[in-house]
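# Coordinate analysis (summary)
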Amino acid sequence: MITYSNENIPFPKIRRRETTAWIKEVALSHGYKVGEIGYLFCDDAKILEVNNEFLGHDYYTDIITFDYDEGNTINGDIVISLDTVKSNAEKYKKDYDEELHRVIIHGILHLCGINDKGPGEREIMEKEENKALQLWKK
């Protein structure tokens, strides 16, 4: 089950049913099924609070993914700052809706075992994000 909630910010204009189906399709393409996934859409203040409290980081980010995977079932909490998604879309001259979906699926890809911090990993993550976005746009 995938749940969506918001805190300190209006709920984004996403089509929940279609987004959920897309997330499940992407996870399945990586050999995983979806268990319990909770999305929290928030503002920069909230994601900074989460960063400080759980990761000891004192900076803003677009997404934080908490992984509770069990075998081939992905489970987790995904916190997304819509403020940072918006500023990144402007910074990189991307459509906001596309950038939001890129971040939504970024968390799922992390739960599927794809990382983006080590050498060469960012390129792999971007490739997988782009493949997933092609599925979303169908």
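This text gives an overview of the structure that appears in the document. Everything numeric in this text was worked out from a predicted model, so none of it was measured. (Residues numbered from 1 in each chain as written. Predicted model: local features only at pLDDT ≥ 70, side-chain atom pairs only at ≥ 80, totals over all residues. Heavy atoms only, no water.)

Now for the layout of surface pockets. Roughly 730 Å³ of internal volume is contained in the largest pocket. Along its surface, the largest pocket is lined by 25 residues, and Asp-62, Ile-63, His-106, Asp-116 and Lys-117 are the ones closest to its centre. Looking at the lining of the largest pocket, the elements that each hand over two or more residues are α2 (44-55), β3 (63-67), α4 (96-111) and α5 (121-137). The element contributing the most residues to the lining of the largest pocket is α4, with 5 residues. Looking at the lining of the largest pocket, its residues break down into 6 nonpolar, 9 polar and 10 charged. (1 Å grid on protein atoms, 1.4 Å probe; cavity = no way out; pocket = protein on both sides within 12 Å on 5 of 7 lines; lining within 4 Å. Points joined across faces, edges and corners; volume = space filled by probe spheres on them. Helix = DSSP H or I, 4+ residues; strand = E, 2+ residues; numbered from the N terminus. Nonpolar A, V, L, I, M, F, W, Y, C, P; charged D, E, K, R; others polar.)

Of the positions making up helix α3 (residues 82-91), those classed as buried are Leu-82, Thr-84, Val-85, Asn-88 and Ala-89. Seen along its axis, α3 keeps its buried residues to an arc of 160°; they face one direction. In this structure, α3 carries Glu-90 and Lys-91 as exposed residues pointing more than 90 degrees from its buried face. On its buried face, α3 sits against β2 (33-42), α2, β4 (73-81) and α4. Once α3 ends, the next one or two residues include Lys-93, with phi positive near 55°. (Buried < 20%, exposed > 50% of the residue type's maximum accessible area, 1.4 Å probe, protein only. Arc of directions from axis to C-beta. Contact = heavy atoms within 4.5 Å.)

So, on to the environment of Ser-87. By secondary structure assignment, the location of Ser-87 is in helix α3. It is 13 Å that separates the C-alpha atoms of Ser-87 and Ile-63, two residues lying 24 residues apart in sequence.

A few words on the pattern of salt bridges. Under the definition given, this model contains 11 salt bridges. For Lys-46, the salt bridge goes to Glu-49, with nearest N and O atoms at 3.2 Å. Remark: Glu-49 and Lys-46 occur in helix α2; sequence separation between them is 3 residues, near one turn of the helix. Here Glu-49 falls in the partly exposed class, since its relative accessible area comes to 41%. When the shortest N-O distance is used, the salt bridge between Glu-98 and Arg-102 registers 3.9 Å. In this pair, Glu-98 and Arg-102 are both assigned in helix α4, 4 residues apart and thus about one turn of the helix distant. Classification of Glu-98 as buried rests on a relative accessible area of 19%. In the salt-bridge network here, residues are joined through shared partners; they are Glu-98, Arg-102, Asp-116, Lys-117, Arg-122, Glu-126 and Glu-129. (Salt bridge = Lys/Arg side-chain N within 4 Å of Asp/Glu carboxyl O.)

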